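Below, each chain spelled out in residue letters.
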Amino acid sequence: MTSEPSPTARRSDATRAAILEAARERFAADGYERATIRAIAKDAGIDPSMVMRYYGNKEGLFAAASEMDLRLPELGAMPGQHIGAVLVSHFLDRWEHDEVLTAMLRVGVTNAAGAERMTEVFRGQLLPIAEGVCPVRDEVPRRAALAASQILGMALARYVLRIPPAVEMTRDEVIAWLAPTIQRYLTAESPQPYRT
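Within each chain, residues carry numbers counting from 1 in the order of the written sequence. At least 70 in pLDDT is required for a residue's local features to be given in this predicted model, at least 80 for side-chain atom pairs to be given and counted, and no such filter applies to totals for whole chains, interfaces and linings, which use all residues. As a rule here, side-chain values cover all heavy atoms of the structure and leave hydrogens and water aside.

## So, the overall build of the chain
Inference 1: Across its full length, the chain holds 10 helices and 0 strands.
Inference 2: Working definition: helices are DSSP H or I runs of at least four residues, strands are E runs of at least two. Numbering for both runs from the N terminus. Of the regular secondary structure in the chain, the N- to C-terminal order runs α-α-α-α-α-α-α-α-α-α.
Inference 3: Based on the C-alpha atoms only, the size of the chain along its principal axes is roughly 60 × 50 × 30 Å.
Inference 4: Relative to its full complement of 196 residues, the chain shows a buried share of 42%.
Inference 5: The contact criterion used is simple: two residues touch if any of their non-hydrogen atoms lie within 4.5 Å. Restricting the contact set of the chain to residue pairs at least 6 apart, pairs at least 24 apart contribute 66%.
Inference 6: Areas reported as accessible are Shrake-Rupley estimates using a 1.4 Å probe. Residue values count occlusion only from the protein chains shown. On the chain, roughly 11,300 Å² of surface is accessible, and the fraction owed to carbon and sulfur atoms is 55%. Relative accessibility thresholds used throughout: buried, under 20% of the residue-type maximum; exposed, over 50%; partly exposed, between the two (1.4 Å probe, protein chains only).

Here's what the structure looks like:
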C-alpha cells in the first residue's frame with residue numbers, strides 16, 4: 001500500500017514547479033544577467049524568500065531550471081545507416097515541443113553560465129551516443145562536438161534567430177540536409193587531414 005503525499009508536500013511540489021516554470025520563461029525572455037529572483041517570484045505568484053528557500057540563489061535556480069533530459073533514443077539495435085536521421089528527427093521533435101530547450105539555447109548564446117549548462121547537457125547525453133556508434137574511440141569527443149554543432153546551429157537558426165530559409169524548410173527537408181552530416185560525423189571513417 002502506497003501512501004499519498006501530504007498536502008504540504010503537494011503544495012511544496014506545486015510551488016517548486018511554479019518557480020521553475022517562471023524561471024525558465026524569465027531566463028529565456030531576459031537572459032541570465034537581467035533575470036532577477038524578485039521578478040521570477042512575482043511571475044510565480046510567491047514571495048522571493050520561497051525561491052531562496054528552495055534554490056539558494058540565482059545560480060542554483062538556473063541550474064535547476066536548466067536541468068533537462070534530452071530523452072535521446074536508444075540506437076543500439078538500430079541499423080547504423082539510420083542514426084543521423086533518427087537523431088535529427090528526435091531533435092526537431094524536442095525543439096518544436098519543448099520550450100525549455102529553446103529557452104536554454106537563448107541563454108546559452110548570451111551567458112557563460114548558460115553556455116556551460118548547455119555544454120554539460122550535451123556532454124552528458126550526446127557523448128554516450130557517440131561512444132556507442134563511433135568507429136574510433138579517441139575521436140568520440142570531437143565527433144560528438146561536430147554533431148552538436150550541426151544540431152545546435154540549426155536550432156539557433158530555426159528557433160531562436162528565426163532565419164527565414166531555416167524556418168521555411170519542412171521537417172523532411174531539414175532531416176534530408178542534416179542527417180547525412182550527423183551520420184558522417186558519428187559513424188564514418190576518419191577523414192584524411194586537408195592539405196593546401
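## Description of the packing of helix H6 (residues 99–110) against helix H8 (residues 140–160)
Inference 1: In this analysis, axes come from line fits to C-alpha atoms, helices being fitted only over the stretch in contact, and the angle between any two N-to-C directions falls in the range 0 to 180 degrees. Where H6 contacts H8, the axes come no closer than 11 Å and their chain directions differ by 105°. Here H8 runs roughly perpendicular to H6, going by the angle between their axes. Between H6 and H8, the residues in contact are Thr102, Leu105, Arg106 and Val109 and Leu152, Ala155, Leu156, Tyr159 and Val160, respectively.
Inference 2: Considering only residue class, the contact of H6 with H8 consists of 7 nonpolar, 1 polar and 1 charged. Angles below 35 degrees are treated as roughly parallel, those above 145 as roughly antiparallel, those between 65 and 115 as roughly perpendicular, and all remaining angles as oblique. Amino acid classes used here: Ala, Val, Leu, Ile, Met, Phe, Trp, Tyr, Cys and Pro are nonpolar; Asp, Glu, Lys and Arg are charged; the rest, including Gly, are polar.

## Topic: the confidence of the model for the chain
Inference 1: As a per-residue quantity, pLDDT reports the predictor's confidence and falls between 0 and 100. Scored by pLDDT, the chain has a mean of 87; 92% of the residues are at 70 or more.
Inference 2: Across the chain, element-level confidence peaks in helix H9 (residues 164–168) with a mean pLDDT of 97 and bottoms out in H6 with 79.

## Examining the packing of aromatic side chains
Inference 1: Only the six-membered ring of Trp is used, alongside the rings of Phe and Tyr, when aromatic pairs are assigned; centres must lie within 6.5 Å, and planes under 30 degrees apart are stacked while those over 60 apart are edge-to-face, with the rest tilted. Following the criterion strictly, the structure yields 6 aromatic pairs and no others.
Inference 2: On the numbers, 6.4 Å between centres and 20° between planes, the contact of Trp95 with Tyr159 is stacked. Here Tyr159 lies in helix H8 and Trp95 lies in helix H5 (residues 83–97), a separation of 64 residues in the sequence. You'll find Trp95 and Tyr159 in the same group, each marked buried.

## Quick notes on unusual backbone geometry
Inference 1: Located in the positive-phi region is Arg162, a residue other than glycine, with phi close to 55°.
Inference 2: Locating Arg162 in the fold gives a position in the loop between H8 and H9.

## Quick word on the pattern of salt bridges
Inference 1: One speaks of a salt bridge when a side-chain nitrogen belonging to Lys or Arg is within 4 Å of a carboxyl oxygen belonging to Asp or Glu. This model, assessed by the stated rule, comprises 8 salt bridges.
Inference 2: We note a salt bridge from Asp43 to Arg26, for which the minimum N-O separation is 2.7 Å. Separated by 17 residues along the polypeptide, Asp43 in helix H2 (residues 37–44) and Arg26 in helix H1 (residues 7–34) bring together distant segments of the chain.
Inference 3: Of the charged contacts, one joins Glu96 and Arg158 as a salt bridge, the two residues approaching to 3.6 Å between their closest N and O atoms. Of this pair, Glu96 sits in helix H5 while Arg158 sits in helix H8, and the two are 62 residues apart along the sequence.

## What to know about empty space enclosed by the protein
Regions of empty space are outlined by a rolling probe, equal in size to a water molecule, passed over the atoms.
Inference 1: Think of a 1 Å grid over just the protein atoms. A cavity is a set of points where a 1.4 Å probe fits yet cannot get out, a pocket is an open set with protein on both sides within 12 Å along at least five of seven lines, and lining residues have an atom within 4 Å of a point. Grid points are joined across faces, edges and corners, and a volume is the space filled by probe spheres set on the points. Under the counting rule described, the total for this entry stands at 1 cavity of 30 Å³ or more.
Inference 2: As a volume, the largest cavity reaches approximately 60 Å³.
Inference 3: Lining the largest cavity, in full, are Val88, Phe91, Leu92, Trp95, Ile151, Met154, Ala155, Tyr159 and Leu178.
Inference 4: Every element with two or more residues in the lining of the largest cavity is listed here: H5 and H8.
Inference 5: Its residues assigned to classes, the lining of the largest cavity shows 9 nonpolar, no polar and no charged.

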